[in-house]
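What the coordinates show
Each chain, letter by letter, is given below.
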Amino acid sequence: MYEQVFKLHAKLLKALAHPRRLEVLHLLKEGPATVEEMQDMLGLPQANLSQHLKILRDAGAVSYHRLGKRLRYHLAHPNFAKASQLIRDIIVVQQGDKKPDEFSRTMKDLMPIVHDPVCHMRVSPSTAGAAMQYQGKKYYFCASGCKKAFQKNPGKYAK
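First, a word on what this report is: a plain description of the structure on this page. (Residues numbered from 1 in each chain as written. Predicted model: local features only at pLDDT ≥ 70, side-chain atom pairs only at ≥ 80, totals over all residues. Heavy atoms only, no water.)

Considering the side chain of T34
- On the secondary structure map, T34 appears in strand β1 (residues 33-34).
- If we ignore the near neighbours within four places in the chain, the residues touching T34 are L71 and R72. (Helix = DSSP H or I, 4+ residues; strand = E, 2+ residues; numbered from the N terminus. Contact = heavy atoms within 4.5 Å.)

Examining the packing of aromatic side chains
- All chains considered together, the criterion is met by 7 aromatic pairs.
- Residues Y64 and Y73 carry aromatic rings whose centres are separated by 5.4 Å and whose planes lie at 45° to one another, so their mutual orientation is tilted.
- Residue class for Y73 comes out buried when judged on its relative accessible area of 2%.
- Where Y139 meets F150, the ring centres are 4.7 Å apart and the plane angle is 40°; that geometry is what we call tilted. Of the two residues, Y139 sits in strand β7 (residues 137-141) while F150 sits in helix α8 (residues 144-152), which places them 11 residues apart along the sequence.
- With a relative accessible area of 6%, Y139 lands in the buried category. (Phe/Tyr/Trp six-rings, centres within 6.5 Å; stacked < 30°, edge-to-face > 60°. Buried < 20%, exposed > 50% of the residue type's maximum accessible area, 1.4 Å probe, protein only.)

Brief notes about the pattern of salt bridges
- Within this structure, the stated rule accounts for 4 salt bridges.
- The partner of E3 in a salt bridge is K7, and the shortest N-O contact between them spans 3.5 Å. Separated by 4 residues within a single helix, E3 and K7 lie in helix α1 (residues 2-16), roughly one turn from each other. Just as E3 is exposed, K7 falls in that class too. (Salt bridge = Lys/Arg side-chain N within 4 Å of Asp/Glu carboxyl O.)

Structure representation (structure tokens):
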């Protein structure tokens, strides 16, 4: 039994060992989302996103329920969001030790809650999947797809 737990742990980590699948978990920690919503936020083709979701489902990281013909995905357990954030916190500290100016985090950076200008999801600097400067203002995005949409047409989203 003891050894089996490590094998299951390794199987789960293998399923999570892809930047896009981690990005999916990052999105779902904010709440359930349909494939179409995630597709827009991530900027991924539907077939590619479906492959990633299948791997996450098979590993038990996400589950779904049907809404007519649509599937609405959610984290299979709330601790996936906590575990992911703990790992991100470790990375920030490690990178901060190497590049303190680039990765410094202050309470000011952690506290504001803003809305992704594209999909309007609530994010903060510590939970954002992407960020960029535009005309002297910092914008935070839930994922790379929203950032790409902003970059294509910033006038549509910038306030």
